[in-house]
Amino acid sequence: MPEARSALREVLPKRGQLSVEDVATLVLCKPKLLPLKSVTLEKLEKMQRAAQETVRRQEMAQREEPQQ
Amino acid sequence: MEPLLLAWSCFRRRRFERCSELCAELLQSAPAAQESDSGFTISQAAWSLKTRALTEMVYVDEIDVDQEGIAETILDENAIAQVARPGTSLRLPGTSQGGGPSPAVRPVTQTGRPITGFVRPSTQGGRPGTMEQAIKTPRTAHTARPITSASGRYVRLGTASMLTNPDGPFINLSRLNLAKYAQKPKLAKALFEYIFHHENDVKNALDLAALATEHAQYKDWWWKVQIGKCYYRLGLYREAEKQFKSALKQQDMIDTILYLAKVYLRLDQPLTALNLFKQGLDRFPGEVTLLCGIARIHEEMNNISSAAEYYKDVLKQDNTHVEAIACIGSNHFYSDQPEIALRFYRRLLQMGIYNCQLFNNLGLCCFYAQQYDMTLTSFERALSLAENEEEAADVWYNLGHVAVGIGDLNLAYQCFKLTLASNNDHAEAYNNLAVLEMRKGHTEQARALLQTASSLAPHMYEPHFNFATLSDKVGDLQRSYVAAQKSKEAFPDHVDTQLLIKQLEQHFAML
């Protein structure tokens, strides 16, 4: 094995110039953890949805009435 | 079965609709005015029970409810210092004393604060810095900010509750003799809550409370707290403060402390609120709501590390506190420890929380913690649980990141497209799509997408910076410079932006 290891020795240039081109890359926006909702907020949203639903249904009913 | 008892039982079982129906029947059928031992007639009892049932249907915790309208934030004359010193105000997002993550890692909200792990009604909008921002932000579908808090949710819910009753409201407030009810403390308390929560008629509620506290000879702390609540809703913060303080002198209550702190936060005095909480903790050691209040203030002041400390204290007292777990979890995620974040979110799952947001977070944590087997199933679950288009959009957006991570750029492209199909205002998705377009060499498309992104979300630095880089590449130095300046404004410590500006300034100097 020692021969094999010496055969695969890494090469680190100690002399000469090492050049790295620094290219400005574009940035992605980061992944977004979604915040959990508080109980109050959930209840508010539920109530709001329910209210909108009732309003919609009443409007539908009103629209149908004149047709009859 | 005795109908009143049945109604009462329904109330106890939280079947409020049924309870209110039963009470209505009772009220219609039994005008018999036989007084029971307690000095109340059956109809009075039924009336009171119905008011309570109707209140419970729309009851939300007043401590949590807070919505600032545009008018309140911009025309705010309550703040003591217009230009506050760093670390003493909630208005200045950039005043963190270390511990705050940079926007390069953690996305920010419109006000430049890092996004948090938990939303409450009051954190939803955030405070916009300028009038321009304030008016602009409601245009996106997420944060519909009302013009004033008086025109916000309160009213919409109030009118809706009226609509549900075809024969008009249960109690006609304008014909009510408030003075008469104020004499009867037991009825008055139920009536007050009805007026305040169900009708949202703060002025009448205040009148009743004022009469009742007079009747109680200013000895009942409960009425003082209610008056304080009314003043708060009316925007008379200093008066509210007086009432709460006076109530606290009579009776030491955690609720009152929380209300008082809310007043201080509205007056933009976070340090006073912190002191108040700490005094409260001396009297109620280990109280979770107080600890949580402190943590929230630290978080809002961008002092994430001490917020995390307090959230940990909260968990020591109550290890099922969702807000604390979620906030600590998101902190770990954004400080490059997705494995630990995963444990927190799994804990939430064990506790029985089952919604889109949680599965989305689990999916992200799994992916970045290299547990690939769970990633896609979590996201699938999140998508199936999404309640509205915006939630689905966010899940697709995050899935796009997973696709970028595994190098499947086609999938990523489709994911970001789907995000935009669900939510047309998703600025992050526009930006990421632009980056993908750039890789394909479609400069013009990328430029258009970036412009959309930066106009939708001027608080993010990414679209500005990308636009600057792109313009720099095609030789449009003037535009590049303008965009770079905007990027610097959004994120002053961004090294690449600084380099770009320096480069551009050298160019201009040579001309």
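The coordinates are above.
Predicted model only: the values in this text are computed from it and were never measured.

Caption draft 1: Summary view of a nonpolar patch on the surface. Together, Met1, Leu5 and Trp8 of chain B make up an exposed nonpolar region whose accessible area comes to about 350 Å². Structurally, the position occupied by Trp8 of chain B is in helix H1 (residues 3-12).

Caption draft 2: A look at the environment of Tyr461 of chain B. Mapped onto the fold, Tyr461 of chain B is located in the loop between helix H23 (443-456) and helix H24 (462-474). On a C-alpha basis, the gap between Tyr461 of chain B and Cys356 of chain B in space is 28 Å, while along the polypeptide they are 105 residues apart.

Caption draft 3: Region of the structure containing the interface of chain B and chain A. Facing 59 residues of chain B, the contacting portion of chain A comprises 28 residues. Summed over both sides, the interface between chain B and chain A buries roughly 4000 Å², with carbon and sulfur atoms accounting for 66% of that surface. Along the contact surface separating chain B from chain A lie 4 salt bridges. The shortest N-O distance in the salt bridge between Lys30 of chain A and Glu462 of chain B comes to 3.5 Å. Remark: the boundary between chain B and chain A carries 13 residue pairs in polar contact (both at pLDDT 80 or more). Here the side of chain B that touches chain A is composed, by residue class, of 31 nonpolar, 16 polar and 12 charged. Two strands pair when backbone bridges link them, and strand S1 (residues 36-37) of chain A and strand S1 (residues 118-119) of chain B are joined in this way by 2 bridges, in the parallel orientation. What sits directly across from Leu36 of chain A, in S1 of chain B, is Phe118 of chain B.

Reading the values: the criteria
Residues numbered from 1 in each chain as written. Chains lettered and ligands numbered in written order. Predicted model: local features only at pLDDT ≥ 70, side-chain atom pairs only at ≥ 80, totals over all residues. Heavy atoms only, no water. Patch = residues over 30% accessible without salt bridge, like charges linked within 9 Å, V, L, I, M, F, W, Y side chains within 5 Å. Areas by Shrake-Rupley, 256 points an atom, 1.4 Å probe, with all protein chains shown as cover. Salt bridge = Lys/Arg side-chain N within 4 Å of Asp/Glu carboxyl O. Helix = DSSP H or I, 4+ residues; strand = E, 2+ residues; numbered from the N terminus. Contact = heavy atoms within 4.5 Å. Buried area = accessible area lost by both parts, 1.4 Å probe. Polar contact = N/O pair within 3.5 Å; in protein donor to acceptor, adjacent residues only side chain to side chain. Nonpolar A, V, L, I, M, F, W, Y, C, P; charged D, E, K, R; others polar. Pairing = 2+ DSSP bridges.

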